[in-house]
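Overview (structure and organization)
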Amino acid sequence: MSVNRNSDSKPLTVEIKELKFTYPGIDGHPPPGSKPLIEHFSLNLFSGDRCLLVGSNGAGKTTILKILGGKHMVEPEMVRVLGRSAFHDTALSSSGDLCYLGGEWRRDVAFAGFEVPIQMDISAEKMIFGVAGIDPERRAELIKVLDINLSWRLHKVSDGQRRRVQICMGLLKPFKVLLLDEITVDLDVLARADLLKFLKKECDERGATIIYATHIFDGLEDWPTNIVYVAHGRLQLALPIEKVREMSKLSLMRTVEAWLRKERDEDRRKRKENKAAGLPEFEKQVEGSRVVGGDPARASVRVTNNGWAAGRLHSTVAGEENFLLSSNRVLRG
Ligand SMILES: Nc1ncnc2c1ncn2[C@@H]1O[C@H](COP(=O)(O)OP(=O)(O)OP(=O)(O)O)[C@@H](O)[C@H]1O
């Protein structure tokens, strides 16, 4: 499903085609009898799009962003970012063209090319200026936008200040596709507003594409170009913002609230019906399906020669031809 009315002339940047994904069990395979977490999910996004990804807790937003960010393996044709498979073509992330910013401090910073925990005794200046090959103007702009004091010692600053440094590190390279998994929770209103403004400019002026998963709608009314609503790992709606405004006279937050309320009422109705019919109210959780993502070395089924080893962040071997298996068997945290 394409969500941009004017997509004809704009390059396609994110292409999701019939995406299907199940978290692997401890043996590296989807547990027998498990229902895919994500299924029948298709979406196209274009250069310049700012897409808000909304849905209730557990809907699958983080999973989708991680798949797009190349952290979970899926069939290469299911997800293309800038025409390439994010999981198999690790140069997409290492070049900075594809950037995933989520809750994982250490890994995100490492992906920005500076492999140190962000809570150690180090100055913000050392962290930020330690990344090589950065345009000084862009760096100065980000420091200003995020109002970073370069003398901050990272082990002594507040969560929000540390988060600002993390975001700055993540945005230093001029990304083409940015995946944001609610990274603004710690930010004060001013920092959040300035960051959102900066991100809007990145899309308008450089044609970047941003997908932003959030539950916080403050200051977002005029930010997105598209809204994507996901429930139970299935795409419910993918609309340009003008269409959402046409459909609903409510604010963005109230509109999303109405969608989620309807979904919850429907879930409750189904559970009641199941109960009345003597069926289990909730879907059975498949035993062993909860895995800690991250280290492929911990999975008992290994993909042959995929270039990854425990504790390493960048594959030495890029390219789909190196992958013998193409199920959902490997997770990167
Ligand atoms: N590593 C994992 N292994 C197995 N199941 C997982 C794993 N990570 C998430 N899940 C399950 O996948 C489902 C979707 O989780 P996900 O984190 O993608 O949801 P979300 O929409 O981002 O939720 P939230 O709004 O709470 O952040 C949840 O039911 C969750 O329990």
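Anyway, here's the lowdown on the structure attached to this text. On a predicted model such as this, the values are computed, not experimentally measured, just so you know.

1. Some thoughts on the pairing of strand 3 (residues 50-54)
When you tally the buried positions in strand 3, you get five out of five residues, the bulk of the element. Neither face of strand 3 is left uncovered, since the one carrying Arg50, Leu52 and Val54 and the one carrying Cys51 and Leu53 both have all their residues buried. Looking at chain direction, strand 3 and strand 7 (residues 209-213) are connected through four bridges and run parallel. Of the residues in strand 7, the one forming a bridge with Arg50 is Ile210. Bridging between strand 3 and strand 8 (residues 226-231) involves four bridges; their strand directions are parallel. When the bridges of strand 8 are listed, Cys51 appears paired with Asn226.

2. A closer look at the nonpolar core
Counting 70 residues, the largest nonpolar core has Leu19, Leu53, Leu68, Val79, Cys168, Leu179 and Val228 as the members making the most contacts within it. Once you skip the residues sitting within four places of it in the chain, Cys168 turns out to touch Ile128, Leu142, Ile143, Leu146 and Ile148.

3. A short note on the environment of Ala124
Looking at the secondary structure, you find Ala124 in helix 4 (residues 124-129). Considering only alpha carbons, one finds Ala124 and Leu150, 26 residues apart in sequence, at a separation of 4.9 Å. Those residues within four positions of Ala124 in sequence are excluded, and the remaining contacts are Ile148, Asn149, Leu150, Trp152, Leu154 and Val165.

4. Let's talk about helix 7 (residues 189-206)
The terminal C-alpha atoms of helix 7 lie 25 Å apart, and with 18 residues this matches the ideal 26 Å at 1.5 Å per residue to within 8%. If you check which residues of helix 7 are buried, you get Ala191, Leu195, Glu202 and Cys203. For helix 7, the arc enclosing every buried residue in end-on projection is 110 degrees, short of the 170-degree limit, so these residues lie on one face. Exposed side chains of helix 7 directed beyond 90 degrees from the buried face belong to Val189, Leu190, Asp204 and Glu205. Buried residues in helix 7 make contact with strand 3, helix 5 (136-145), helix 6 (159-171) and strand 7. Gly207 occupies a position one or two residues after helix 7 and carries a positive phi of about 75 degrees.

5. Focus on the sheet that holds strand 8
Pairing within the open sheet is mixed, and its six strands lie in the order 5-6-7-3-8-9. Only two strands of the sheet have a single neighbouring strand rather than two, namely strand 5 (98-101) and strand 9 (234-240). Across the sheet, the axes of successive neighbouring strands diverge by a mean angle of 15 degrees, strand direction being ignored. Against the sheet, helix 1 (residues 61-68) engages strand 3, strand 5, strand 6 (177-181), strand 7 and strand 8, with an angle of about 150 degrees to strand 7.

6. Describing the environment of Glu242
As for its position among the elements, Glu242 is in helix 8 (residues 241-247). Residue classification places Glu242 among the exposed positions, given that 11 C-beta atoms sit within 10 Å. As for Glu242 and Thr225, which are separated by 17 residues in sequence, their C-alpha atoms are 8.0 Å apart.

7. Some points on the sheet that holds strand 4 (residues 79-81)
What the three strands build is an open sheet, ordered 2-1-4; its pairing is antiparallel. Taken across any chain shown, the strands that pair with only one partner, and hence form the sheet edges, are strand 2 (38-46) and strand 4. On average, each strand axis in the sheet is inclined to that of its neighbour by 10 degrees, with strand direction left out of account. Both strand 1 (residues 12-21) and strand 2 contribute to a ladder of six bridges, which runs antiparallel. Paired with Glu15 across the strands is Asn44, a residue of strand 2. Its contacts with the sheet place helix 1 against strand 1, strand 2 and strand 4, and it is angled at close to 120 degrees to strand 1.

Conventions adopted
- Residues numbered from 1 in each chain as written.
- Predicted model: local features only at pLDDT ≥ 70, side-chain atom pairs only at ≥ 80, totals over all residues.
- Buried ≥ 20, exposed ≤ 12 C-beta atoms within 10 Å, placed from the backbone.
- Helix = DSSP H or I, 4+ residues; strand = E, 2+ residues; numbered from the N terminus.
- Pairing = 2+ DSSP bridges.
- Core = buried A, V, L, I, M, F, W, Y, C linked by C-beta atoms within 7 Å.
- Contact = placed C-beta atoms within 7 Å.
- Expected span 1.5 Å × (residues − 1).
- Arc of directions from axis to C-beta.
- Axes fitted to C-alpha atoms, helices over the stretch in contact; angles between N-to-C directions.

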